[in-house]
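Observations on chain architecture
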Amino acid sequence: WRGREGAPYSTLVPSDEVTINYRHGLPVITLLLPTRSERCQFTVKPVVTTVGAFLQDVQREDKGIERAEVFATDGSKVSDATLMEVLLMNDFKLVINNTAYSVSPPVKDKLSSEHATEMEDIKSLVHRLFVALHLEDHQIRKERELLQKLDHLKGELLPLEQMKARIMDSADAKTSRLLWVGLALMSTQGGALAWLTWWVYSWDIMEPVTYFITYGSAMAFYAYFILTKQDYIYPQAKDRQFLHYFYHKSKKQRFDVERYNKLKDDLAEAEESLRRLRQPLHLRLPIQEINDKD
């Protein structure tokens, strides 16, 4: 058996010099400290203790240990970040100074399904107890953060809301003027056709003119459909013209519409988060249960 850089170990000690037993569900590693010449037990928590932490504990117990490493049976070094739970699944070699200890961990009995269920229930109960004890402080802290975020967003939105209101008033006024201009043009056209029909010419002459005017209007509506992919419906046409004026005015006054919409979305999200946070505070229920009910 060789260590790093191919250097042979001076001694290969049998596995009975290092023993591993389980007590109260935790592995207890017993080994002989080389300098103190006494056996010492190390109780490890396999799911949180790493190989590096275990070796540091061994070196702290015996200051004469200059080298402590763990190798797999194939000679590859086990990383210090490896959990003890993973290490104890297979045989390994523990090297202290120039002595290599062959270690064979015992096979841990698997928990029965009934006992495993009980353990899961205990874990769930502990988790619920922890949530019940710390939930209120967490929610108060989170509520304070959301209120600060809401104040910040409202502060950024206030000048944008004022600018938007001015732009909307201007766009609405222009749209209304355009509608009244359209009504005036239609009234003028109707009056002109009536004057030409009864005072200048006769209906026999004006009938083809009105036909082509009607046909031209139909072509204009069809062209509107081709360009906008929408029927010419007066409310939709009014809204479309309003948006045209609005974006034109926004660009002219450097009103950032995308930033405004982003702030509005963030504000709505923060208000919804605050509402959901305050609901379990009122009901005295954990947030997880509220989410499950939703």
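What counts, and at which threshold
- Residues numbered from 1 in each chain as written.
- Predicted model: local features only at pLDDT ≥ 70, side-chain atom pairs only at ≥ 80, totals over all residues.
- Heavy atoms only, no water.
- UniProt positions renumbered as here; feature names shortened; annotations may be inferred.
- Buried < 20%, exposed > 50% of the residue type's maximum accessible area, 1.4 Å probe, protein only.
- Helix = DSSP H or I, 4+ residues; strand = E, 2+ residues; numbered from the N terminus.
- Pairing = 2+ DSSP bridges.
- Patch = residues over 30% accessible without salt bridge, like charges linked within 9 Å, V, L, I, M, F, W, Y side chains within 5 Å.
- Areas by Shrake-Rupley, 256 points an atom, 1.4 Å probe, with all protein chains shown as cover.
- Salt bridge = Lys/Arg side-chain N within 4 Å of Asp/Glu carboxyl O.
- Axes fitted to C-alpha atoms, helices over the stretch in contact; angles between N-to-C directions.
- Contact = heavy atoms within 4.5 Å.
- pLDDT = per-residue confidence, 0-100.
- Phe/Tyr/Trp six-rings, centres within 6.5 Å; stacked < 30°, edge-to-face > 60°.

The protein appears in an unreviewed UniProt entry as Calcium uniporter protein from Spizella passerina. Per UniProt, the protein carries the Sequence similarities (unreviewed entry) text "Belongs to the MCU (TC 1.A.77) family." The protein has a UniProt comment under Function (unreviewed entry) that states "Mitochondrial inner membrane calcium uniporter that mediates calcium uptake into mitochondria. Mitochondrial calcium homeostasis plays key roles in cellular physiology and regulates cell bioenergetics, cytoplasmic calcium signals and activation of cell death pathways."

Bringing the pairing of strand β5 (residues 68-72) into the picture now. For β5, a buried count of four out of five residues is recorded, marking the element as mostly surrounded by other parts of the structure. Bridge count for β5 against strand β6 (residues 92-96) is five bridges, and the pairing is antiparallel. Residue pairing for β6: A72 is matched across the bridge by F92.

Quick look at a nonpolar patch on the surface now. Together, W195, W198, W199, V200, Y201 and I205 make up a nonpolar patch on the protein surface, roughly 790 Å² of accessible area in all. Among the elements that make up the nonpolar patch, the one with the highest residue count is helix α3 (residues 113-200) (four residues). For W195, the position within the fold is in helix α3.

Now for the UniProt feature "transmembrane region" (unreviewed entry) in the protein. Look at the UniProt record and you will see "transmembrane region" (unreviewed entry) annotated at residues 178-197 and 209-227. With 100% helix and 0% strand, the stretch residues 209-227 has end C-alpha atoms that lie 27 Å from each other.

On to the sheet that holds strand β4 (residues 38-43), then. Taking strand neighbours across the sheet as the criterion, the three strands line up as β2-β3-β4 in an open arrangement whose pairing is antiparallel. Of all strands in the sheet, those with a lone pairing partner are β2 (19-23) and β4, marking the two edges. Adjacent strand axes in the sheet meet at a mean angle of 30° when their direction is disregarded. Of the pairings in the sheet, the one linking strand β3 (residues 26-33) to β4 comprises six bridges and is antiparallel in character. By the bridge assignment for β4, V28 is matched with T43. Helix α1 (residues 51-61) rests against β3 and β4 of the sheet, and its axis sits at about 145° to β4.

Let us now look at the confidence of the model for the protein. The predicted model of the protein averages 77 in pLDDT, with 79% of residues at 70 or higher. Within the protein, helix α7 (residues 287-293) has the poorest average pLDDT of any element, 45, and β5 the best, 89. In this model, residues 1-8 is a region of pLDDT below 50 whose contacts with residues beyond four sequence positions or in other chains number 19 contacts.

Below, the discussion takes up the environment of S104. Along the chain, S104 falls in the loop between β7 (99-103) and α3. With 13 residues separating them in the primary sequence, S104 and D91 have C-alpha atoms 4.6 Å apart.

Under the counting rule described, the total for this entry stands at seven aromatic pairs. Centre to centre, the rings of Y211 and Y215 are 6.5 Å apart; their planes meet at 15°, and the pair counts as stacked. Residue Y211 and its partner Y215 are both found in helix α4 (residues 203-228); the two are separated by four residues, about one turn of the helix. Ring plane angle 80° and centroid distance 6.4 Å describe the contact between F246 and F255, whose orientation is recorded as edge-to-face. As far as burial versus exposure is concerned, F246 and F255 are alike and both buried.

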